[in-house]
Each structure stands twice: as structure tokens, then as C-alpha cells.
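Listed below, chain by chain, are the residues.
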Amino acid sequence: MTITAAHIEARMAGLLPIGLGPAGTNRLAWTAEDHAAAEWFRVQAEDLGLLAERDPAGSLWAVPDAPGPWWAVGSHLDSVRDGGSYDGALGVAAAFEVAARLPRPVAVIAFADEEGARFNTPTFGSRALVGRLDIADALARRDGDGISMAAAMRTAGVDPDGLTGAPAWLGRLRGFLELHIDQTTELADAGAPAGVVAGLAARLRLALHVRGRADHSGTTPMHRRADALLAAARVVVAVNDLAAGRPGVVATATRLLSEPNALTTVAGEVRMWVDVRAPSGGDLDHVEAGVRDAAAAAAAQGGVRAEVTVASRSEAVTFDPGIRAALRAGLPPDARELLCFAGHDAGILAERIPAGMVFVRNATGISHAPQEHVEPGDAAAAAELMLDGLRMLTGT
Ligand SMILES: [Zn+2]
């Protein structure tokens, strides 16, 4: 039977209220809301005759009673703070609809802490699974209330000491497909309910540290200042101009900490972070070089010291060509593949096993906010695309 809007709505109905408040959905990792979502997952699994398990990283698996390795479908159930209803959740709901219809048994997975909203540990579950998680660093992180991740995991019933055992579970998977809300208006602009993702953009995070001299903002003449914030501001503008001058590249000064951050003091020290995403690693190199030049120029001009370091970098991910071809078979021949500028569990898994993604149209392009919206009919069409693709891939 075809997957319909009603199937998607029915599957989502139990999940939508979990963590929903006046400002949006709050389903952060290792919380009571996260636990309630795991209960929802267990019920869906049992309905399908799948066995609900939790891997050493706390990711939820619904596995068939058949020898692996299996193909798996899924996404994540956690949200950002005051997030929307569909990011992640829709992919898990749709995954159960797909799993219910495939003749060949497949697993459903909800990866733990994909958003990383509580401890700044995005794609936690999938990175643990592929063995690319800095475990000691992650466990030592603390949330806004000072609770360490290790303690939070223990409270949620997951033993943090078991994390090293997570990669042993990867061998159970033949491949992974993820359905996700489009976080742009690209599909809406194209008038398409669903699309196939070619890969994920390369990503770079730069940290800028400017050291000037704190001084009285009234009594210090303009020419005697070493204004760290002014130098940082010049870099903010340079970041924007660098991206604007290079097609396909986005770059943003996202976070800025100014010291002493007082009303009558020239800023003595600034720390700033820059987020860059681009189709290729070469684009990242270009922007990084430009930011370093801009920081050096701003430092020379303003009499401050400026240092740029790479906080993190991940290369572009290309999804498995076989999976993409199988998924594209259900689309019009002129449908263009999408390049995704956000991080996803499927992108992490793609380093080790065949993986792919299907996006669902989002009329506003908004995500990570309560305004994010998907029409159930579009989600059903995307789930059908994934179902047909998996039929092809599993030869059924
Ligand atoms: Zn997501």
C-alpha cells in the first residue's frame, strides 16, 4: 500500500506533543523529553515486529529478526532549543512507514544527540558509531546548568564507559538512508515535493582572537586606541565580502565575545568564530586565506594583535552513487540533485558505509524554529521515493 499523507500524520501524532511548548519543541539529548521520544520509538518498533535496542552511544535501533547486515533508514529525535516539529522527527516517522512496506527486512535508527544542542556535540550518535568521536572531550563537556555529559548520559540510563563499544555496531549495517526536511527553499522554488541529495558541503570553523587594550571610552583619544572590537568588526565585514564574491560559498561571523564588554570601555579583547560552508575544500582554503589576510590587515591598522586558528574542518561528502541513482529513478529526469549545507548523520555514516538522503519540500525554508513546516503529502511522496529506491537497492 502506498504511503499517504494520513500515514505520515498518524505516525507523527504521538511524537509531536513531546517537548512541545509555547516557544517550540525542546527535546534535548538525555532529558525526560528525549526519554519520552525513545518510548514512542519502542512502541513503533514493536508495532512492526522489530526489536528495539539501544547502542552504546544511546542511539535507538529497531532491528529485524533476521541476520544482518541490513539496510537502515532513520534520522534523529532530538531537537535544538525551541526547535520545530519536523527536523529529524519526520525522518524517523517516515522510516517506520518505509520499513513497514519493504519485503526485505530493514532496520530503523534514531541517532542520539544529532543536534548537539545541549553539549555542543552535534552528530554525537553517528560519530560514535563510525569511531570518530573524541570520547573524553565529549564526556567532559557541561551544559548550561553545569551538568557533565557523562552524568547526563548516566541519568538517561546509558553508561558513558561503554561508548568505546559503539563502532562494533557499524558492521550490522549494509547502508543508511535518511529523509529530512529541506532547510532551504530550493525544493519549494523548484516546485518539487522531494529531492535527492548529492552530498554535503565542506565546512570550516575559524576562531579569531584579537588582543588590544581596554581603556576609557571617554578619555582615550581615537588615535591612541587599541580597539579589539573595531578590528574584529573589520574582519566581520571581510568574511561577508569573501563569501559574497565566491559563488556557492556562505560564510558568517556567528559568535563574538568582547571583554570587558562594559558600557564605557574600549574593548581590550575579542574572541570571534566564523562558520564557512562551501562546495569544495578549495573554497574553504580560499576563504581561510582571505580571513587571515583581513585579520592581519585589521591588526596592523588598529594596533592590535590578531590570531586566526582552525577550530574544526570537515571535507565535502559525496553520497553513494548507487543509492543516488536508485533514488533518482523515481524523479523526473530533469530533477536536479541538491547540495546540503547542514550536517547530518547520513553524512557521517557516508565515510564508512553507503549512505544517501532525500529532502522534503519546506515552503518557508525555515528550520530549527517552530515555523518550520512540511506538508504531510510531500513527506509521503519523499517516503515513497525512499521506499522505491530501497526496493531497487535490495532487489525486491
Ligand atoms: Zn536534522
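In this text, all values refer to a predicted model and were calculated from it rather than measured experimentally.

1. Observations regarding the environment of A166
For step 1, the next point in the chain: By the element assignment, A166 lies in the loop between α6 (149-155) and β7 (173-181).
For step 2, the next point in the chain: The class of A166 is buried, set by 23 C-beta atoms lying within 10 Å.
For step 3, the next point in the chain: C-alpha separation for the pair A166 and G131, spaced 35 residues apart in sequence, amounts to 7.3 Å.
For step 4, the next point in the chain: Dropping the residues within four chain positions of it, A166 is found in contact with D55, P56, A57, A128 and L129.

2. Overview of the nonpolar core
For step 1, the next point in the chain: Counting 129 residues, the largest nonpolar core has V108, V235, V291, A382, A383 and M386 as the members making the most contacts within it.
For step 2, the next point in the chain: Per-element accounting of this core gives the leading share, 10 residues, to helix α12 (residues 376-394).
For step 3, the next point in the chain: Beyond its immediate chain neighbours, meaning those up to four positions away, A383 contacts I3, I8, A94, E97, V98 and L179.

3. Let's talk about the sheet that holds strand β14 (residues 305-314)
For step 1, the next point in the chain: Spatial ordering of the open sheet is given by β11-β13-β9-β14, a layout of 4 strands whose pairing is antiparallel. Either end of the sheet is taken by a strand with one partner, and the two such strands are β11 (250-259) and β14. Each strand axis lies, on average, 15 degrees off the axis of its neighbour in the sheet, ignoring direction.
For step 2, the next point in the chain: As paired strands, β11 and strand β13 (residues 269-278) are joined by 9 bridges and run antiparallel to one another. Of the residues in β13, the one forming a bridge with T252 is D275.
For step 3, the next point in the chain: Set on the sheet, helix α8 (residues 228-244) makes contact with β9 (202-211), β11, β13 and β14; between it and β11 the angle comes to about 170 degrees.

4. Topic: the environment of V250
For step 1, the next point in the chain: Take V250: it is sitting in strand β11.
For step 2, the next point in the chain: Among the residues examined, V250 registers 15 C-beta atoms within 10 Å and is labelled partly exposed.
For step 3, the next point in the chain: Residues V250 and A299, 49 residues apart in the sequence, show an inter-C-alpha distance of 24 Å.
For step 4, the next point in the chain: Every residue in contact with V250, bar those within four places of it in the chain, is listed here: A243, R277 and F341.

Thresholds applied
- Residues numbered from 1 in each chain as written.
- Predicted model: local features only at pLDDT ≥ 70, side-chain atom pairs only at ≥ 80, totals over all residues.
- Helix = DSSP H or I, 4+ residues; strand = E, 2+ residues; numbered from the N terminus.
- Buried ≥ 20, exposed ≤ 12 C-beta atoms within 10 Å, placed from the backbone.
- Contact = placed C-beta atoms within 7 Å.
- Core = buried A, V, L, I, M, F, W, Y, C linked by C-beta atoms within 7 Å.
- Pairing = 2+ DSSP bridges.
- Axes fitted to C-alpha atoms, helices over the stretch in contact; angles between N-to-C directions.

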